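# Architecture and fold: a report
Residue-level listing of the chains:
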Amino acid sequence: MSVAIADVSIDVNIVPQFLPQLFDETMEFSVSCAVKEQTYRYRRYGYGTSRILTRLRILVEADSPYKWKPIVQVSNMEPSRVFVDPAFPNLRASGSISRNLLSKDSGLSAKWTGSTLEAVKRYRCDGITFDNDYSSSGSYHWDDTRIKMTNVNSHSLARLSALEKNSSIEQINALSEEMDAENPVQNQNETITQDRAEVDEILRRLKSRLAEAKKAQAEKIEEMTQILNGFLTQTLENQTREFENVEKTLDVALEGSFLMLWPKGEYALPKPSSGCPSSGGSYWEDGYRRHHTESIGRNEDDVPPGNHLQQPVLDRVGDKFYVYQRFCVKTEANTYGPAWPKGSYCFGAVSGCPDGFQTGQITWDEEDFRSEATVSGQLPTGKFEESKTKITYCCRDDGAADTPIDMPRFQPFYLYRYGGRCQQVVGMNVTEEFIHFDTENSNNGDRAESKHPDVELNDLVLHICFYQQA
């Protein structure tokens, strides 16, 4: 069966492509790149794939060899927000990543005013994509302005040759005027009275100056040719080395969460008021457990004022009290992403715990009399019975809570507290919050087993940590 397969092309362009007459002029430059999805057809089990673009950047070659410095960047975590390097305060940038995978063009551009010498610098556009089924590792795509700069240099060389030619012509004209001045009789068609030796000397000097000008021009052309040949040779060498390091660089970037992808695997987190994550190549679904709390005696359900949980959390219908525990559940185990970092925190289990985590459970003993607990949507691993809830968690304590870890920073999220302190996260402010469940008063069966989030029993108080970008 023939199906459409997606590939990616990147085109980078610098404007202007030709230098002005004066090399020290100040002028406006722009570097832009466009990403397009290309498709072809082949036979493979009858299934088609497409690409997801996760990051797009424009970079300039740094002073040290094989090093690049990002100028502007856009990520599908915030597909319409362009980040500009603070080292370029006068730079104006625009661009976006298409939300519909690569079915629409994505692009990025940067404009600034500077010396014409900046035109001979090398600029690059690169992007990282993944298959929509994440059956393989990410792909690195790039294009740079090196060959385009060769065209600019060739133009400059041609202009230099023209200038030398004009200079030679000016010298010839000057010598002709000098000869005319020294031999006015000939110009006036009068009888030649000057000594033949003097005429021969003038002609000798003319030939000598022409030969010197021709030699100087040839030397400059040869010098420029050597520079261009070395330029191209270095380009090919650089590209060969970069291809060899692409896969290694990509793996390092992923391990450090540089791409801001959520860790791989399936897991559940408390749902914030901002909603579940909506990008980054991960698939999320939501759900909730409505706990029926103590409704015979006085009810003490509580959450802190100004909490960031999805509302409502507390509810009352007649004489019955409820507490909603809402979840964001990552449902795709094979999505590409880094491993969970070492630290001190927990999340809800979905299909077992990854390496580095230990399993534990918390049990809620809810209202026994005419219980009306309910569930909806995707939930973490557990038992959700008529008057009892038991949820399984994954927890780790192999790192200090005060040592910040890397996590996606573009959207707020929750983790469960473990060990008495909230885990610090790079670039995020953390707020400690809680949910107080007034569980069953009679023969209360609240329990916490093995490795579990920080919790107080009877009544049950669950401690959670809210993160938002600093």
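Residues numbered from 1 in each chain as written. Predicted model: local features only at pLDDT ≥ 70, side-chain atom pairs only at ≥ 80, totals over all residues. Heavy atoms only, no water.

Per an unreviewed UniProt entry, the recorded name for the protein is Apextrin, and the organism is Elysia marginata.

As a further point, take the overall build of the protein. Scanning the protein for helices and strands turns up 3 helices and 23 strands. A buried classification covers 45% of the 470 residues belonging to the protein. Look at the contacts in the protein between residues 6 or more apart in sequence, and 72% of them connect residues 24 or more apart. Carbon together with sulfur atoms contributes 49% to the accessible area of the protein, which is approximately 24,000 Å² in total. (Helix = DSSP H or I, 4+ residues; strand = E, 2+ residues; numbered from the N terminus. Buried < 20%, exposed > 50% of the residue type's maximum accessible area, 1.4 Å probe, protein only. Contact = heavy atoms within 4.5 Å. Areas by Shrake-Rupley, 256 points an atom, 1.4 Å probe, with all protein chains shown as cover.)

All chains considered together, the criterion is met by 5 disulfides. Through a disulfide, Cys276 is tied to Cys328; the S-S separation comes to 2.1 Å. Classification of the bridge connecting Cys276 and Cys328 rests on its S-S torsion, roughly -95°, and on that basis the disulfide is left-handed. A residue pair is termed long-range when its members are at least 10 positions apart, and Cys276 in the loop between strand S10 (267-270) and strand S11 (284-293) and Cys328 in strand S13 (residues 320-330) qualify at 52 residues. Residue Cys276 is classed as buried on the basis of its relative accessible area of 18%. (Disulfide = S-S within 2.5 Å.)

This next bit is on the packing of aromatic side chains. A complete count under the given rule lists 18 aromatic pairs for this structure. Aromatic pair Tyr345 and Phe357: ring centres 5.8 Å apart, planes at 70°, arrangement edge-to-face. Of this pair, Tyr345 sits in strand S14 (residues 344-349) while Phe357 sits in the loop between S14 and strand S15 (358-365); the two residues are 12 residues apart in sequence, bridging distant segments of the chain. Here the basic side chain of Arg326 rests over the ring of Tyr288, its NZ or CZ set 5.6 Å away from the ring centre. Across from the ring centre of Phe357, 4.6 Å away, lies the NZ or CZ of Arg396, which sits over that ring. (Phe/Tyr/Trp six-rings, centres within 6.5 Å; stacked < 30°, edge-to-face > 60°. Lys NZ or Arg CZ within 6 Å of the ring centre and 35° of its normal.)

All told, the structure shown has 18 salt bridges when counted by the stated rule. The partner of Arg81 in a salt bridge is Glu78, and the shortest N-O contact between them spans 3.3 Å. For Glu78, a relative accessible area of 22% puts it in the partly exposed group. Between Arg396 and Asp398 there is a salt bridge, with the nearest N and O atoms lying 2.6 Å from each other. With relative accessibility at 36%, the residue Asp398 sits in the partly exposed group. (Salt bridge = Lys/Arg side-chain N within 4 Å of Asp/Glu carboxyl O.)

Moving on, we come to the environment of Gly419. Within the secondary structure layout, Gly419 lies in the loop between strand S19 (413-416) and strand S20 (428-437). Considered as a pair, Gly419 and Pro453 are 34 residues apart in the sequence and their alpha carbons are 8.0 Å apart.

Turning to the confidence of the model for the protein, a few remarks are in order. For any part of a model where pLDDT is low, the fine detail of the predicted coordinates should not be relied upon. Here the protein averages 79 in pLDDT, while 72% of its residues score no lower than 70. Note on residues 187-191: pLDDT is under 50 here. Beyond four places in sequence and across chains, it has 3 contacts. (pLDDT = per-residue confidence, 0-100.)

Once that is clear, we can look at the nonpolar core. Nonpolar side chains tend to gather and get buried jointly when the protein is soluble and globular. Counting residues in each nonpolar core, the largest one holds 24 residues, and the members touching the most others are Trp364, Tyr393 and Leu462. Taken together, the elements giving at least two residues each to this core come down to S13, S15, strand S18 (388-397), S19, S20 and strand S23 (460-469). In terms of nonpolar packing, the next biggest core, distinct from the first, is built from 23 residues, Ile14, Ile71, Val72 and Leu91 among them. (Core = buried A, V, L, I, M, F, W, Y, C linked by side-chain atoms within 4.5 Å.)

Let us look at unusual backbone geometry. A cis amide bond links Gln311 to the next residue, Pro312, at an omega of -5°. Examined against the element boundaries, Pro312 turns out to sit in the loop between S11 and strand S12 (314-317). Each neighbour pair has its own omega, and for Asn458 with Asp459 the value is -10°, a cis peptide bond. Note on placement: Asp459 falls in the loop between strand S22 (455-456) and S23. With a phi angle near 55°, Ser450 is a residue other than glycine that sits in the positive phi range. Its place among the elements puts Ser450 in strand S21 (residues 447-450).

What follows concerns the environment of Asn443. Locating Asn443 in the fold gives a position in the loop between S20 and S21. We classify Asn443 as exposed; its relative accessible area is 75%. Once the C-alpha coordinates of Asn443 and Asn458 are considered, the two residues, 15 residues apart in sequence, prove to be 9.9 Å apart.

Moving on: the side chain of Glu367. Here Glu367 is to be found in the loop between S15 and strand S16 (374-377). Although Glu367 lies buried, it forms no salt bridge, and the closest oppositely charged side chain, Arg370, sits 8.1 Å away as judged by the N-O distance. At 2.8 Å, the side chain of Glu367 and the backbone nitrogen of Ser295 are in polar contact. Every residue in contact with Glu367, bar those within four places of it in the chain, is listed here: His292, Thr293, Glu294, Ser295, Ile296, Ser387 and Glu440. (Lys, Arg positive; Asp, Glu negative; His and termini not counted. Polar contact = N/O pair within 3.5 Å; in protein donor to acceptor, adjacent residues only side chain to side chain.)

Next up on the list: the pairing of S23. Among the 10 residues in S23, 8 count as buried, and that is most of the element. The sheet contact formed by S19 and S23 spans 4 bridges and is antiparallel. Looking across to S23, one finds that Phe413 is bridged to Tyr467. In this structure, S20 lies alongside S23, joined through 10 bridges in antiparallel fashion. By the bridge assignment for S23, Phe437 is matched with Leu460. Here S22 runs beside S23; their pairing, made up of 2 bridges, is antiparallel. Each bridged residue has a counterpart across the sheet, and for Val455 the counterpart in S23 is Leu462. Counting the residues in the hairpin turn of S22 and S23 gives 3 residues, including Asn458, whose phi is positive at 50°. (Pairing = 2+ DSSP bridges.)

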